[in-house]
Amino acid sequence: QQQVRQSPQSLTVWEGETAILNCSYEDSTFNYFPWYQQFPGEGPALLISIRSVSDKKEDGRFTIFFNKREKKLSLHITDSQPGDSATYFCAASAMGYKLTFGTGTSLLVDP
Amino acid sequence: ETAVFQTPNYHVTQVGNEVSFNCKQTLGHDTMYWYKQDSKKLLKIMFSYNNKQLIVNETVPRRFSPQSSDKAHLNLRIKSVEPEDSAVYLCASSYQDTQYFGPGTRLLVL
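Caption draft 1: Expanded view of the side chain of A:Ser49. With respect to the element layout, A:Ser49 can be found in strand 5 (residues 45-51). If sequence neighbours within four positions are ignored, A:Ser49 has contacts with A:Tyr32, A:Phe33, A:Pro34, A:Lys57 and A:Ile64.

Below you can see the structure in the form of structure tokens.
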């Protein structure tokens, strides 16, 4: 049973466009949602995170939108760059316990 | 800057052999983890280790075992590898909610 789901599995956008990556979860006790970025040959690295008390978190070109009622969140990458091409993982945890990772979205930004 | 170090980067072995992977973190964190990442990039937690308390994912086969000498090191031993063990093994450490990953060890079992 996959508690954190991501869609689409893969996404291709043109340079300069906005990429939208979706995530949903089942466990209502989850209250912390980090997004990790992974480049080939490297481990995942924290990109941006949000807690359930907020509905939006911005960091430069990266924005998380969070809908607690629907148990959904999305990562928007504005002005996408070829260097953003990577796999993005949505994760979730409750009260600082172990992270549950989603299935990942592979993003390709075409120049 | 890498603060979670893993060796080796890559390892090729044959079915039935024993392998051991090393992980060291220089962040001063109290909790360390091992994850398995399969060919579809799915991340599955295998172990977490905090203050000598080991938490094992019940789906992990018994041939896998973590080994820790201190809170900065958490190694992974696979007693008798099988073909389905081919994957990338990622070590991580954490401070509060944030996990910091190493670059991974890619294992290929022939």
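Here the narrative resumes, following the displayed structure.
Caption draft 2: Main features of the interface of chain A and chain B. Opposite the 17 residues of chain A that make contact, chain B presents 13 residues. In total, chain A and chain B occlude about 1,300 Å² of area from one another, counting both sides; carbon and sulfur atoms represent 55% of this. The largest contributions to the chain A side of the interface with chain B come from A:Pro44, A:Leu99 and A:Phe101, which together make up 29% of the buried area. Across the contact surface, chain A and chain B share one salt bridge. Taking the shortest distance from any N to any O, the salt bridge between A:Arg51 and B:Asp97 comes out at 2.6 Å. In this structure, the connection of chain A to chain B is made through four residue pairs in polar contact (both at pLDDT 80 or more). If you list the elements that add at least two residues to the side of chain A that touches chain B, you get strand 4 (32-38), strand 5 and strand 9 (86-92) of chain A. Sort the elements by how many residues they give to the side of chain A that touches chain B and strand 4 of chain A lands first, with three residues.

Caption draft 3: A look at the sheet that holds strand 8 (residues 73-78) of chain B. Residues and elements named next belong to chain B. The strand order across the open sheet formed by four strands is 1-3-8-7, and the pairing between neighbours is antiparallel. Since the sheet does not close on itself, it has two edges, and those belong to strand 1 (4-7) and strand 7 (64-70), each with one partner. Within the sheet, the average angular offset between the axes of one strand and its neighbour, ignoring direction, is 20°. Two elements, strand 1 and strand 3 (residues 19-25), share four bridges in a ladder whose sense is antiparallel. Looking across to strand 3, one finds that threonine 7 is bridged to asparagine 22.

Caption draft 4: Representation of a nonpolar patch on the surface within the structure. Where nonpolar side chains cluster on the molecular surface, the patch consists of B:Tyr10, B:Val12, B:Leu108 and B:Leu110 and spans about 370 Å² of accessible area. Relative to the helices and strands, B:Tyr10 resides in strand 2 (residues 10-13).

Caption draft 5: Main features of the packing of aromatic side chains. Applying the stated criterion across every chain, the model contains 13 aromatic pairs over all chains. Seen in terms of ring centroids, A:Phe89 and A:Phe101 are 6.4 Å apart; in terms of plane orientation they differ by 85°. Their pairing is edge-to-face. On the criterion of sequence distance, the pair formed by A:Phe89 in strand 9 and A:Phe101 in strand 10 (residues 100-101) is long-range, its members being twelve residues apart. A:Phe101 gets classed as buried once you look at its relative accessible area, which sits at 4%. Among the aromatic residues, those joined into a ring-pair cluster are A:Tyr36, A:Phe89, A:Phe101, B:Tyr33, B:Tyr35 and B:Phe101.

Caption draft 6: Examining the pattern of salt bridges more closely. Throughout the structure, instances matching the rule amount to ten salt bridges over all chains. For the salt bridge of A:Glu58 with A:Lys56, the shortest nitrogen-to-oxygen distance reads 3.7 Å. Overall, A:Glu58 belongs to the exposed group, its relative accessible area being 54%. A salt bridge links A:Glu70 to A:Arg69, with the shortest nitrogen-to-oxygen separation between them at 3.3 Å. Overall, the relative accessible area of 71% leaves A:Arg69 in the exposed class. Three or more residues are tied together by salt bridges with common partners; here these are B:Arg63, B:Glu82, B:Glu84 and B:Asp85.

Caption draft 7: Quick peek at the state of the cysteines. Residue and element names in this part refer to chain A. Inspection of every chain in the model, using the stated rule, returns two disulfides over all chains. The disulfide partner of cysteine 23 is cysteine 90, and the S-S distance across this bridge is 2.0 Å. Handedness of the cysteine 23-cysteine 90 disulfide follows from its S-S torsion of about -70°: it is left-handed. Here cysteine 90 lies in strand 9 and cysteine 23 lies in strand 3 (residues 19-25), a separation of 67 residues in the sequence.

Caption draft 8: Up close: unusual backbone geometry. Residues and elements named next belong to chain A. Residue proline 8 follows serine 7 across a cis peptide bond; omega there is -10°. Along the chain, proline 8 falls in the loop between strand 1 (4-7) and strand 2 (10-14). The phi dihedral of aspartate 79 is positive, around 50°, even though this residue is not glycine. Relative to the helices and strands, aspartate 79 resides in the loop between strand 8 (72-77) and strand 9.

Conventions adopted
Residues numbered from 1 in each chain as written. Chains lettered and ligands numbered in written order. Predicted model: local features only at pLDDT ≥ 70, side-chain atom pairs only at ≥ 80, totals over all residues. Heavy atoms only, no water. Helix = DSSP H or I, 4+ residues; strand = E, 2+ residues; numbered from the N terminus. Contact = heavy atoms within 4.5 Å. Buried area = accessible area lost by both parts, 1.4 Å probe. Salt bridge = Lys/Arg side-chain N within 4 Å of Asp/Glu carboxyl O. Polar contact = N/O pair within 3.5 Å; in protein donor to acceptor, adjacent residues only side chain to side chain. Pairing = 2+ DSSP bridges. Axes fitted to C-alpha atoms, helices over the stretch in contact; angles between N-to-C directions. Patch = residues over 30% accessible without salt bridge, like charges linked within 9 Å, V, L, I, M, F, W, Y side chains within 5 Å. Areas by Shrake-Rupley, 256 points an atom, 1.4 Å probe, with all protein chains shown as cover. Phe/Tyr/Trp six-rings, centres within 6.5 Å; stacked < 30°, edge-to-face > 60°. Buried < 20%, exposed > 50% of the residue type's maximum accessible area, 1.4 Å probe, protein only. Disulfide = S-S within 2.5 Å.

That is the geometry; function is a separate question.
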